[in-house]
Amino acid sequence: MRNNNRSYEPNNGDWAVEANGLVKIFGDNKAVDGVDLKVKTGSIYGVLGPNGAGKTTTIRMLATLLRPDAGSARIFGHDVVKESQIVRQLIGVTGQYASVDEGLSATENLIIFSRLLGLDRSEAKKKAADLLEEFGLTEAAKRPLKNFSGGMRRRLDLAASLIAQPPLIFLDEPTTGLDPRTRTQMWETIRRLVKTGSTVLLTTQYLDEADQLADRIAVIDLGHVVAEGTVDELKASVGTSSLHLRVQDAKDIALTRSLIEKVLQVQTSVSSEASRITAPMRDADLVTDLLIALRAEGIHLAEMSVQKPTLDEVFLTITGEGAREEAQQQVEGLEQSNKKAVGVRG
Amino acid sequence: MKTSAAAQPLKNRTSFMQTVRNSFTMAYRGLLKIKRTPEQLFDVTLQPIIFTLMFTYIFGGAISGDVQSYLPVIIPGILVQTVITTSVVTGTQLREDMDKGVFDRFKSLPIARIAPLAGALLADTIRYTIATALTFTMGYIMGYRPDGGFEYVVLASLAVIGCSWALSWIFAFFGVIARTASSVQGISMLVLFPLTFLSNAFVPVETMPDWLQWFAKVNPVSHLITAVRDMTNSGTVGWDLGITLIGAAVIVAVFAPLTVRAYMRRT
């Protein structure tokens, strides 16, 4: 296990990240439009949002890769613009697209980054070997990266971010495009990181991921933070799980709905396209009662499922109020594509 | 440098020593890349061989009466032309390289901002060295025996390599500001052709029309070629070398900061 021996003095209490009103404009597009973030030292903070919401741009500004057009941000109390070189000594960045050298082998990559970070030749070699071992890449160490799978590349990328044992690590969509198994491995790695004292700020499109990892979450959309809180707070704002039902015979829909409303004591709704009945569900145990009631009425089900709130629901619920309407006038077109993107990710 | 990253205090500035160290590490990366893709070296190996053969036998009789007496004129000329042409590749490769994700990491590391550029340019001196050695070897095979002796040939080689490195900052600048690698190639060639051909590389300047003579005489490439001829053919170091080195220094002084600034702005 690594210990965090980098000397830094958080001279502003215990905030790893403090961003105030960050703005970044590309041409006519306000990619980030006044983002405020506060990340506690030693925590995992998730930034959740769809494609194009401004997650990556925000991270790039915090990581000194982009200069903010307005607003300010401090990393452990150091300004990202004025003290950028200090900030760079405190952070590790793992980008959405693996930022490693394709033409070189894994070992060569890590040795070069280690040397750049001030390790001498033998230290760099040892560091590279240690990290490859830790990330299960020892066997592939000598192969050129061209032959690496997406998961291996990401792991190498993360390994490269950890060379200097930075107290703050930015992970931009660390698991997008990974298969479920590698994804779980990645999650474990991230958890281990935090146990050793690092602070992690990660972006993700998946509520599931934020749920698994993050202590606090900011939901970001159209360059704004539209909600912020702990995972539980956010979920509570959406409701708990929901029940989805489809009956074999469409004539039974009305009866089924009234049964559900009677047994579960909640409002139901019917989606028009597939005549699917949806109801919020607080107590999973009541499903048994409902199924017995349905059987007693002779109603046959075509499909039944219980789903946790998805990003779609959290997102649509949160953005459905206030923030969205205000933004709607500004970016009508972008908004449409966002909604579509959300809809696709079931 | 024995200090590990952990022991360093936080500073907002990179020291000169660190800049040098970072640049050499980046140069090491460039060398590794050449080692991994040796086919990159095609141009620097083939061009000296083909150009030296071609130009010597095409122009030799017409300009100096016979090939043997043309060699002392053409070898320095072709040397400078070939090596400078090679430096264009620096710009195109830098452009291609910068489009890759790894440059994001370089930017996020606490290293000297100039290092990724300086390192790439430094690694390219290996290309100039290969081109230089091959040109002299071709000349030797064809019967060129520099009167200045081996030491002056080495000195001349160093001057050419150094000047090409300086010049490559111009192409690096194009590489950083251009959108695609092929446009870098295009702009660079536009600069390069007048510079190398409107010089004393292949023909005596006196045979040109007056207005062209004027340009050929002020052309820094002419000065470099004259300097190389002085060194290799008579073993003397003249004012031409001085003026060339000053010119090279000015180019670096102007284009290195420009390039770094453009590189920093482009994200």
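Residues numbered from 1 in each chain as written. Chains lettered and ligands numbered in written order. Predicted model: local features only at pLDDT ≥ 70, side-chain atom pairs only at ≥ 80, totals over all residues.

A. View of the overall build of chain A. For chain A, the helix and strand inventory stands at 13 helices and 14 strands. Residues counted as buried form 45% of the 346 residues belonging to chain A. In chain A, of all internal contacts separated by at least 6 residues, the share reaching a separation of at least 24 is 70%. (Helix = DSSP H or I, 4+ residues; strand = E, 2+ residues; numbered from the N terminus. Buried ≥ 20, exposed ≤ 12 C-beta atoms within 10 Å, placed from the backbone. Contact = placed C-beta atoms within 7 Å.)

B. Molecular detail of the overall build of chain B. When helices and strands are counted, chain B shows 10 helices and 0 strands. The linear arrangement of helices and strands in chain B, starting from the amino end, is α-α-α-α-α-α-α-α-α-α. For 267 residues, the compact-globule estimate of 2.2 N^0.38 gives 18 Å, and chain B sits close to it at 20 Å. Principal-axis analysis of the C-alpha atoms places the extent of chain B at approximately 70 × 35 × 35 Å. (Rg over C-alpha atoms; globule rule 2.2 N^0.38 Å.)

C. Geometry of the nonpolar core. In this structure, L110 and A159 of chain A together with V80, V160 and V228 of chain B are the most contacted members of the largest nonpolar core, which totals 88 residues. Counting residues per element, this core draws most heavily on helix α6 (residues 149-177) of chain B, at 17 residues. With near-sequence residues (within four places) excluded, A159 of chain A lies in contact with L110, L131, L132 and F135 of chain A. Listed in part, the 52 residues of the second largest apolar core include L22, V93, A218 and V225 of chain A. (Core = buried A, V, L, I, M, F, W, Y, C linked by C-beta atoms within 7 Å.)

D. Broad picture of the sheet that holds strand β9 (residues 216-221) of chain A. Residue and element names in this part refer to chain A. Within the open sheet, the 6 strands sit side by side as β6-β7-β8-β3-β9-β10. Their pairing is mixed. Two strands close off the open sheet at either side, each with one partner strand: β6 (91-94) and β10 (224-230). Each neighbouring strand pair of the sheet contributes to a mean axis angle of 15 degrees, computed without reference to strand direction. For strand β3 (residues 44-48) and strand β8 (residues 199-204), the ladder comprises 5 bridges, and the chain directions are parallel. (Pairing = 2+ DSSP bridges. Axes fitted to C-alpha atoms, helices over the stretch in contact; angles between N-to-C directions.)

E. A look at the sheet that holds strand β14 (residues 301-307) of chain A. Residues and elements named next belong to chain A. Overall, antiparallel pairing links the 4 strands, which are arranged β12-β13-β11-β14 in an open sheet. The sheet terminates laterally at β12 (269-271) and β14, the two strands that pair on one side only. Pairwise comparison of adjacent strand axes, ignoring direction, gives a mean angle of 25 degrees for this sheet.

F. Geometry of the interface of chain B and chain A. Facing 30 residues of chain B, the contacting portion of chain A comprises 35 residues. Put simply, the parts of the chain that give the side of chain B that touches chain A at least two residues each are α1 (16-36) and α4 (102-108) of chain B. The element contributing the most residues to the side of chain B that touches chain A is α1 of chain B, with 7 residues. Of the residues contributing to the side of chain B that touches chain A, the split by class is 10 nonpolar, 11 polar and 9 charged. (Nonpolar A, V, L, I, M, F, W, Y, C, P; charged D, E, K, R; others polar.)

G. Helix α9 (residues 220-234) of chain B, seen in detail. All names here are of chain B. The first and last C-alpha atoms of α9 sit 21 Å apart over 15 residues, in line with the 21 Å expected at 1.5 Å per residue. With 14 of its 15 residues buried, α9 lies for the most part within the structure. The first or second residue beyond α9 is G235, which carries a positive phi of 65 degrees. (Expected span 1.5 Å × (residues − 1).)

H. Region of the structure containing the environment of V35 of chain A. With respect to the secondary-structure elements, V35 of chain A resides in strand β2 (residues 29-40). Separated by 18 residues in sequence, V35 of chain A and A53 of chain A have C-alpha atoms that sit 11 Å apart.

I. Representation of the environment of Q18 of chain B in the model. By the element assignment, Q18 of chain B lies in helix α1. Using a count of 19 C-beta atoms within 10 Å as the deciding quantity, one classes Q18 of chain B as partly exposed.

J. Spotlight on the packing of α6 of chain B against α9 of chain B. Residues and elements named next belong to chain B. Following both chains from N to C, one finds α6 and α9 inclined at 165 degrees, their axes separated by 8 Å at the closest point. On the basis of their axis angle, the class for α6 and α9 is roughly antiparallel. Along this stretch, α6 crosses α9, giving a crossing that reads as right-handed. Touching Y152, V153, L155, A156, A159, V160 and C163 of α6 are L224, A227, V228, M231 and T232, all from α9. Of the residues that constitute the contact of α6 with α9, the class distribution is 11 nonpolar, 1 polar and no charged. (Parallel < 35°, antiparallel > 145°, perpendicular 65-115°, else oblique. Left-handed = near helix turned anticlockwise from the far one by under 90°.)

K. Examining the pairing of strand β7 (residues 168-172) of chain A more closely. Residues and elements named next belong to chain A. Within β7, 5 of the 5 residues are buried, which leaves it mostly tucked inside the rest of the structure. Here β7 shows two buried faces, one formed by L168, F170 and D172 and the other by I169 and L171. The pairing of β6 with β7 spans 4 bridges and is classified as parallel. Across the sheet, G92 pairs through a bridge with I169, a residue of β7.

L. Just the environment of S182 of chain B, in detail. Residue and element names in this part refer to chain B. With respect to the element layout, S182 can be found in helix α7 (residues 181-197). Of the residues examined, S182 has 10 C-beta atoms within 10 Å and is grouped as exposed. For the pair S182 and L71, spaced 111 residues apart in the sequence, the C-alpha separation amounts to 34 Å.

M. Spatial organisation of the pairing of strand β4 (residues 70-75) of chain A. Residues and elements named next belong to chain A. Strand direction decides the pairing type here: β4 and strand β5 (residues 78-79), joined by 2 bridges, are antiparallel. Looking at the pairing, R74 lines up with D79 of β5. Where β4 folds back onto β5 in an antiparallel hairpin, the turn is made up of 2 residues, including F76, whose phi is positive at roughly 45 degrees.

N. The arrangement of the packing of helix α5 (residues 115-141) of chain B against α6 of chain B in detail. All names here are of chain B. Orientation of α5 relative to α6, taken along the N-to-C sense of each, is 140 degrees, at an axis distance of 9 Å. When the axes of α5 and α6 are compared, the pair comes out oblique. Once α5 is placed against α6, the crossing between them reads as right-handed. Where α5 abuts α6, its residues L117, L121, D124, T125, Y128, T129, T132 and F136 lie against V153, S157, V160, I161, S164, W165, S168, W169 and A172. Looking at the contact of α5 with α6 residue by residue, the classes come out as 10 nonpolar, 6 polar and 1 charged.

O. Summary view of the confidence of the model for chain A. Residue and element names in this part refer to chain A. Here chain A averages 80 in pLDDT, while 83% of its residues score no lower than 70. Within chain A, helix α3 (residues 106-116) carries the highest mean pLDDT (93), whereas helix α13 (residues 332-344) carries the lowest (41). Predicted confidence for residues 1-11 stays below pLDDT 50, and this span has 24 contacts to residues more than four positions away or in other chains. Within the model, pLDDT remains below 50 along residues 321-346, and this stretch shows 21 contacts once partners closer than five positions in the same chain are excluded. (pLDDT = per-residue confidence, 0-100.)

P. How the structure looks around the confidence of the model for chain B. Confidence along chain B averages 87 in pLDDT terms, with 96% of residues attaining 70 or more. Low pLDDT (under 50) marks residues 1-7 of chain B, which in the prediction has 14 contacts with non-local residues, meaning those over four places away or in another chain.

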